[in-house]
Amino acid sequence: YFEGKLNAISKPNRLLYFNEEFRPGFAGHMALLNLKTFIWPQFLGNQGTATAAHYPPNSHVLDQVHAQGGVAGYVHPFTTPKRDPEEYDYSGAREFPVNAALGNVDYYDVMCIWSDEYVSAEVWYRVLNLGFRVPASAGTDAMPNYWRAPAIGTTRVYVRSGPKLDYEQWLKGLTAGRSFVTNGPLLFLRVDQKEPGDELRLPAGDASIRVEVEAQSIVPMDTLDILQNGKVVRSVKLTDPYQVKFDERVPVERTGWIAARVSGPERQHLLMDSYVYAHTNPVYLMKDGSKATSPADARYFLRWIDRVLVLLEQSDALDTPAQKKEVIDLWRRARAVYAGMST
């Protein structure tokens, strides 16, 4: 039951806080954390009910969450394996690029049992490439009151939040990206002594960084990848499937980010996810004070928004013309942000 505070069975080494999953049918599901007041309605877009309208948009809900000191982000964003969301009208975390552009989304679940990590991560990489520092998170989306559901904690986010377990500090670490997501491997990254969520400033001209990675796992890993601005710049095939260390220098030509990923085989004992996978949040690389740019990724989100604007114009699932105009204007505001980044 929702209480708006830590549950009484919490202990110094175990905190339990019942929060809310906001579940609109059009814009994408979000987890709302650190709530003091439950947000209604919880479900949107259910035909034949009082909440049939695609309203309010997720942006309004995020603002409500922040007004009460909470944080929120997208969960199980894209569930169709090996297919770009562009192929199915961006169903899933449809409003995510709008919220990224407007700066009011706090995290994004790269990992979830029901979604595909590679598809979800590719969308996340595009957001990072444009300079939007939205950290990766993870959640199992377990429903333990069902007869068939994944075990709680099957996918997790591990957050560096300080020497004492504290809910507020944990949330700060989560939203700062001081974390990694995983369904098994423990994955650690340092870049010139910086860790995930940190910013590393570099001078103009030729520059390189020292990238150190360590991974250990009880399920077998196949490959360690170092990703820079969404592209694999180093890839290591593991000789020992249960542990790996990496320590090399990597050149940096422009502002962006760097992160580590490990992956492994499908259908492993102890693993309830589709395949072995873990990913760090990025260390952000600032080259000579310049901003991150990626016109191709901006144009990708322009196509995304233009398609959704067509769907909104055609929709009869908004209760009033004023609601439709309000939602369309919101998407157009985000479109203007990407248009300014597209050339």
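Residues numbered from 1 in each chain as written. Predicted model: local features only at pLDDT ≥ 70, side-chain atom pairs only at ≥ 80, totals over all residues. Heavy atoms only, no water.

Visitor: Help me get a handle on a nonpolar patch on the surface, residues and values and all.
Guide: On the surface, Tyr158, Leu186 and Phe188 cluster together to form a nonpolar patch covering roughly 260 Å² of accessible area. Take Leu186: it is sitting in strand β9 (residues 186-191). (Patch = residues over 30% accessible without salt bridge, like charges linked within 9 Å, V, L, I, M, F, W, Y side chains within 5 Å. Areas by Shrake-Rupley, 256 points an atom, 1.4 Å probe, with all protein chains shown as cover. Salt bridge = Lys/Arg side-chain N within 4 Å of Asp/Glu carboxyl O. Helix = DSSP H or I, 4+ residues; strand = E, 2+ residues; numbered from the N terminus.)

Visitor: Break down the environment of Lys36 for me, citing the residues and quoting the values.
Guide: Mapped onto the elements, Lys36 comes out in the loop between β2 (30-33) and β3 (43-44). Each C-alpha atom, one on Lys36 and one on Asn19, is 8.9 Å from the other, the two residues being 17 residues apart in sequence. Beyond its immediate sequence surroundings of up to four residues, Lys36 is in contact with Phe2, Gly4, Tyr17 and Gln68. Looking at Lys36, its side chain comes within polar contact range of the main-chain oxygen of Asn34, at 3.2 Å. (Contact = heavy atoms within 4.5 Å. Polar contact = N/O pair within 3.5 Å; in protein donor to acceptor, adjacent residues only side chain to side chain.)

Visitor: Break down the sheet that holds strand β14 (residues 243-251) for me, with residues and values.
Guide: Spatially, three strands are ordered β9-β11-β14 in an open sheet, and the strand pairing comes out antiparallel. Of all the strands in the sheet, the pair left with one neighbour each is β9 and β14. This sheet shows a mean twist of 15 degrees between the axes of neighbouring strands, independent of strand direction. Relative to strand β11 (residues 208-216), β9 runs antiparallel, the two sharing six bridges. In the sheet register, Leu186 faces β11, and the bridge partner there is Gln216. (Pairing = 2+ DSSP bridges. Axes fitted to C-alpha atoms, helices over the stretch in contact; angles between N-to-C directions.)

Visitor: Go over the pairing of strand β12 (residues 223-228) with me, naming the residues and quoting the values.
Guide: Taken across its six residues, β12 has six buried, putting it largely inside the fold. Burial along β12 is two-sided: Thr223, Asp225 and Leu227 facing one way and Leu224, Ile226 and Gln228 facing the other are all buried. The turn linking β12 back onto strand β13 (residues 231-237) is made up of two residues, and Asn229 within it adopts a positive phi angle of 55 degrees. In the sheet, β12 pairs with strand β15 (residues 256-266) via six bridges, with the strands oriented antiparallel. Paired with Leu224 across the two strands is Val262, which belongs to β15. (Buried < 20%, exposed > 50% of the residue type's maximum accessible area, 1.4 Å probe, protein only.)

Function cannot be read off these values alone, since they describe shape.
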